[in-house]
Amino acid sequence: MTKAMTSRASRRGVLKGGTALGLGAIGLGPLGSSVTAAQAEDALEVFSWWTSPGEAPALQALFDAFLAAHPDVEIINAAVAGGAGVNAIAVLQTRLQGSQPPDSWQTHIGRELIDQYVVPGYCEPITDLYTSEGWADVMPAGLVEQATWESEQYSIPVGVHRGNGFWYNKQVMADNGIEVADTMSVDEFFAAADTLKAAGIPALALAMKDTFPGAQTFENTLLGVVGPETYNALFRGETSWDDPGVREAADAYARMLDYVNEDFSALSWDQAMALVIEGGAGFNSMGDWAYGEVVARNAQDNIGWVSHPGTAGSFVLVVDSFTLPVGAPHPENARNWLTILGSKEAQEAFNPLKGSIAPRTDVNRDIFSPYHQWSMDSFANDALVPSCAHGQASSPAFKQAFYDASTAFVTDKDVDTYIAMLSDAAAMDAEATA
Ligand code: GAL
């Protein structure tokens, strides 16, 4: 399937028994699918941003798991394209404010779930499902905790992504005499980058069409320079953003930006990953949904990975989960959906395609790829730090400022302005929570 067809089919389709019947023809606007959901007697409207060639089949695996148990329910796929939810989150907010929720939506555990949805009153607790399904016994306490507010659980994690991946094309490296070891330092990256530059190949694939890669590459670089403790302290407001480590990281990031593809502002994240897969760039700093693209393109043999330079020993957490809305049009279907998502079977079907590891620790390790097994080991042994680019680490307001500052920096590389913008945002955040 071409990319356009994939996203068209998945953007707004009714799926029943695995078949997609396009609803696009009747011209639904952003609210249209919820009207349809309300009209359909036995439906389940699922809202996400999973539309890329790797994401869509993984979402379909979840739909298939649901339909196997509930074959008569119509699934309405209300996915809104745009990596990291850059468009979807805004569309969802409008719907929630207008009391038009879907039956379940994708969100990251941590601050995004709690600050953006739970505290404003958009989510029903699902604590009883945690109890009846025994989820707390099979999931790491740290994940359950990030889905918890005032002793109630509000979402079920379905996949644990590692945000600090650094993906590379093995053939491109071999052709240019570059050996990538098990880890890569910042200096090693620059040495490889100079070699690739001399050969006319952009060392780093960047994609700013959906803006989040600018913020994500910085948080990875920051982590590599300051380490997990200072990284956490920064996002908790315990270390100031004019710390010398932040400046060093911003300097390194500015240097890295000298090696990016010229068309970065036109590419989406999956197109940047495709550039690496096709040999048009050397590396891509990206969460392991990038591995979903590798799987979708059958490129496992030629794509290698290390942690983003300097970040070996840390795991940037980007945990996808689904909610139960207040006022879900089909609450029973919604609860059944969440029950399926928390099952071993659904998590074993979904995560090999998505690139994430299963939140459940009782899944069969053998069905996962060598990459997944590597990530499982990293999750078990490394320092776990939340991602700001994916909403887990900070308030939604700080995340937005982090995006805005990073988007400006990618073009102007102005370290002083970058630090000033981040410091101002942190000060406003502290004031808002005081
Ligand atoms: C993240 C999300 C992933 C992946 C990625 C790119 O925020 O957690 O599942 O979809 O965005 O869209």
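See above for the structure.
In short, a report on the structure.

Conventions adopted
Residues numbered from 1 in each chain as written. Predicted model: local features only at pLDDT ≥ 70, side-chain atom pairs only at ≥ 80, totals over all residues. Heavy atoms only, no water. Helix = DSSP H or I, 4+ residues; strand = E, 2+ residues; numbered from the N terminus. Rg over C-alpha atoms; globule rule 2.2 N^0.38 Å. Buried < 20%, exposed > 50% of the residue type's maximum accessible area, 1.4 Å probe, protein only. Contact = heavy atoms within 4.5 Å. Areas by Shrake-Rupley, 256 points an atom, 1.4 Å probe, with all protein chains shown as cover. Lys, Arg positive; Asp, Glu negative; His and termini not counted. Charge placed at Lys NZ, Arg CZ, Asp CG, Glu CD. Core = buried A, V, L, I, M, F, W, Y, C linked by side-chain atoms within 4.5 Å. Near = heavy atom within 4 Å. Polar contact = N/O pair within 3.5 Å; in protein donor to acceptor, adjacent residues only side chain to side chain. 1 Å grid on protein atoms, 1.4 Å probe; cavity = no way out; pocket = protein on both sides within 12 Å on 5 of 7 lines; lining within 4 Å. Sits in = over half its atoms within 2 Å of the grid points. Nonpolar A, V, L, I, M, F, W, Y, C, P; charged D, E, K, R; others polar. Points joined across faces, edges and corners; volume = space filled by probe spheres on them. Pairing = 2+ DSSP bridges. Axes fitted to C-alpha atoms, helices over the stretch in contact; angles between N-to-C directions. Parallel < 35°, antiparallel > 145°, perpendicular 65-115°, else oblique. Left-handed = near helix turned anticlockwise from the far one by under 90°. Salt bridge = Lys/Arg side-chain N within 4 Å of Asp/Glu carboxyl O. Phe/Tyr/Trp six-rings, centres within 6.5 Å; stacked < 30°, edge-to-face > 60°.

**Things to note about the overall build of the protein chain**
Tallying secondary structure elements over the protein chain gives 19 helices and 13 strands in all. In terms of overall size, the protein chain behaves like a compact globule, its C-alpha atoms giving a radius of gyration of 21 Å where 434 residues would be expected to give roughly 22 Å. Each principal axis of the C-alpha atoms in the protein chain carries an extent, and together these give about 60 × 50 × 45 Å. A buried classification covers 58% of the 434 residues belonging to the protein chain. Counting contacts in the protein chain only where the partners sit at least 6 residues apart, residues at least 24 apart contribute 77% of the total. Surface summary for the protein chain: the accessible area is close to 16,400 Å², and the carbon and sulfur share equals 50%. Within the protein chain, the 54 negative side-chain charges are centred at a point lying 5 Å from the centre of the 22 positive side-chain charges.

**A closer look at the nonpolar core**
Ranked by internal contacts, the top residues of the largest apolar core, which has 76 residues, are F189, F218, L222, F235, W241, F283 and F402. For this core, the element with the most residues is helix 11 (residues 212–235), which contributes nine residues. By size, the runner-up hydrophobic cluster in this structure holds 58 residues, among which are V80, I89, Y130 and A147.

**Details of the site of the ligand**
Looking at the ligand, there are 13 residues lining it, with E55, H108, D320, K354 and H390 nearest. Here an oxygen atom of the ligand sits 2.6 Å away from a polar atom, N or O, in the side chain of D320. One of the side-chain nitrogen or oxygen atoms of H390 is found 2.7 Å away from an oxygen atom of the ligand. Starting from 300 Å² of accessible surface for the ligand in isolation, the protein chains cover 100%. Mapping the ligand onto the cavity grids shows that it belongs to the largest cavity. Residues that form the shell around the ligand fall into these classes: six nonpolar, four polar and three charged.

**As for the layout of surface pockets**
Estimated volume of the largest pocket: approximately 580 Å³. Broken down by secondary-structure element, the contributors of at least two residues to the lining of the largest pocket are helix 5 (111–118), helix 8 (141–146), strand 6 (148–149), helix 11, strand 13 (383–386) and helix 19 (415–433). Here the element with the most residues in the lining of the largest pocket is helix 19; it accounts for four residues. Here the lining of the largest pocket is built from residues that sort into 12 nonpolar, eight polar and five charged.

**Some details on the sheet that holds strand 10 (residues 283–286)**
Spatial strand order, 10-9-11: three strands in an open sheet with antiparallel pairing. Sheet topology places strand 10 and strand 11 (303–307) at the edges, where each strand pairs with a single neighbour. Taken over all neighbouring pairs, the strand axes of this sheet differ in orientation by 25 degrees on average, direction set aside. Here strand 9 (residues 165–169) runs beside strand 10; their pairing, made up of four bridges, is antiparallel. By the bridge assignment, G165 is partnered in strand 10 with M286. In this fold helix 13 (residues 269–277) packs onto strand 9, strand 10 and strand 11, with an angle of close to 150 degrees to the strand it touches most, strand 10.

**Points about the packing of helix 10 (residues 186–198) against helix 12 (residues 244–256)**
Running from N to C, helix 10 and helix 12 point in directions that differ by 15 degrees, and their axes come no closer than 11 Å. In terms of their interaxial angle, helix 10 and helix 12 are classed as roughly parallel. Like other packed secondary-structure pairs, helix 10 and helix 12 cross with a definite hand, here left-handed. Between helix 10, through V186, F189 and F190, and helix 12, the contact on the second element is made entirely by A252, R255 and M256.

**Considerations on the pattern of salt bridges**
In a structure, side chains of opposite charge can pair up when their charged atoms sit close to one another. With the rule as written, the count across this model stands at 11 salt bridges. Between D115 and R111 there is a salt bridge, with its nearest N and O atoms 2.9 Å apart. Of this pair, D115 and R111 both sit in helix 5, four residues apart, which is roughly one turn of that helix. Residue classification places R111 among the partly exposed residues on the basis of a relative accessible area of 27%.

**Focus on unusual backbone geometry**
With glycine set apart, most residues show a phi of negative sign, and most peptide bonds adopt trans. At A84, a position not held by glycine, the phi torsion is positive, near 60 degrees. Within the element layout of this structure, A84 appears in the loop between strand 4 (74–77) and helix 4 (88–97). Judged by its relative accessible area of 8%, A84 is buried. Positive phi is not limited to glycine here, since E150 has a value of about 45 degrees. Residue classification places E150 among the exposed residues on the basis of a relative accessible area of 64%.

**What to know about empty space enclosed by the protein**
Applying the stated criterion to the full structure yields two cavities of 30 Å³ or more. What lines the largest cavity is a set of 13 residues, and nearest its centre among them are W49, E55, A84, W289 and H390. Contributions of two or more residues to the lining of the largest cavity are made by strand 5 (104–108) and strand 12 (314–323). The computed volume of the second largest cavity comes to approximately 40 Å³. Lining the second largest cavity are L204, A205, L206, A207, P213, T217, A272, N284, S285 and M286.

**Looking at the packing of aromatic side chains**
Applying the stated criterion to the full structure yields 36 aromatic pairs. Measuring from ring centre to ring centre gives 5.7 Å for F235 and F402, while their planes differ by 80 degrees; the resulting arrangement is edge-to-face. Remark: F402 occurs in helix 18 (residues 396–412) and F235 occurs in helix 11; sequence separation between them is 167 residues. Given the relative accessible area of 11%, F235 is considered buried. Feature note: the residues F218, Y231, F235, W241, Y253, F398, F402, F409 and Y418 constitute an aromatic cluster, connected by ring pairs.

The quantities given are spatial measurements derived from coordinates; they are silent on function.
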